[in-house]
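# Working through the structure, step by step
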Amino acid sequence: MSIVTDYKISFGVKRIHDRDFKFIRTISSSLDSIITEFRNIINCDNLLGAINLKVAPSSPGEILYTTQGLQLIKITHATTEIYRDSARYDSNPDITADFTLPTADFKEIVKVWREFVVNGDVYPNF
C-alpha cells in the first residue's frame, strides 16, 4: 500500500473570490487542516526541513512547530502529533493529540502535498 492509499489522500482546488485555494482531504480533518496551511513551496520546504531534523536515527527530543493558524505539530523521530489549538497544548502539554501518525508517513504526506502545491495538478482526481 502507498501513503496516498493508506491515508485516502486526495487533492483539490477551490475557487473563492477569484483566487484558487488548494486543499487536501485525508482520513483526518486535523491532518487536512494543518497540511492546508502550507500553501507555498517555501513553507512546505521549511516543514520538510524540520521533519528531516527528526527523521535522522540519532535525533533525540522533539520539535514544536506552530503554524500561522496557531495549530501545533509536535515532531519526534518516531511520531508526529497534531494539535488544532497550540494555546490549549501550551496550557497543558499532557493533552491528547488530535491526530497522531508515524513521522515517516507525515514526511511522505508533506512531500506529496508539496508536489501538488508546485505542480497545481489535482492528484488523484478529487
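So, here's what we can say about the structure. (Residues numbered from 1 in each chain as written. Predicted model: local features only at pLDDT ≥ 70, side-chain atom pairs only at ≥ 80, totals over all residues. Heavy atoms only, no water.)

### Considerations on the pairing of strand β5 (residues 79–83)
What counts, and what does not: Burial classification: accessible surface area is computed with a 1.4 Å probe over protein chains only, and a residue below 20% of its type maximum counts as buried, one above 50% as exposed, and the rest as partly exposed. Helix numbering and strand numbering both begin at the N terminus, where a helix is a DSSP run of H or I of at least 4 residues and a strand a DSSP run of E of at least 2. Strands are labelled as partners when DSSP assigns at least two bridges between them.
Among the five residues that make up β5, four are buried, leaving the element largely enclosed by the rest of the structure. Pairing of strand β4 (residues 72–75) with β5, which is carried by four bridges, proceeds in the antiparallel orientation. From the neighbouring strand, I75 faces β5, where its bridge partner is T80. Hairpin connection of β4 to β5: three residues between the antiparallel strands.

### As for the packing of helix α3 (residues 41–55) against helix α5 (residues 103–119)
How we decide: Lines are fitted to the C-alpha atoms to define the axes, a helix being fitted only along its stretch in contact, and any angle between axes, read from their N-to-C directions, falls within 0 to 180 degrees. Our angle categories are set so that under 35 degrees counts as roughly parallel, over 145 as roughly antiparallel, 65 to 115 as roughly perpendicular, and the remainder as oblique. Whether a crossing is left-handed or right-handed is set by the direction in which the near helix is turned from the far one by less than a right angle, anticlockwise for left-handed and clockwise for right-handed. Contact between two residues is taken to exist if any of their heavy atoms lie within 4.5 Å; hydrogens are not considered. Side-chain classes are defined by residue name, with Ala, Val, Leu, Ile, Met, Phe, Trp, Tyr, Cys and Pro counting as nonpolar, Asp, Glu, Lys and Arg as charged, and the others, Gly among them, as polar.
Axis separation between α3 and α5 bottoms out at 10 Å; the angle between their running directions is 160°. Taken as axis vectors, α3 and α5 run roughly antiparallel relative to one another. Remark: the crossing between α3 and α5 carries left-handed chirality. Contacts from I41, C44, D45, L47, L48, I51, N52 and V55 in α3 reach T103, F106, K107, V110, K111, W113, R114, V117 and V118 in α5. Taken together, the residues of the contact of α3 with α5 sort by class into eleven nonpolar, two polar and four charged.

### So, the pattern of salt bridges
Our working definition: Salt bridges, as used here, are contacts in which a Lys or Arg side-chain nitrogen is within 4 Å of a carboxyl oxygen on Asp or Glu.
Counted by the stated rule, this structure contains six salt bridges. Across the pair D20 and R15 runs a salt bridge whose closest N-O atoms are separated by 2.7 Å. Residue class for R15 comes out exposed when judged on its relative accessible area of 53%. In this structure, D45 engages R114 in a salt bridge whose closest nitrogen and oxygen atoms are separated by 2.5 Å. Taken together, the positions of D45 in helix α3 and R114 in helix α5 put the pair 69 residues apart, joining distant regions of the chain. Taken together, the salt bridges that share partners define one network made up of D45, R114 and E115.

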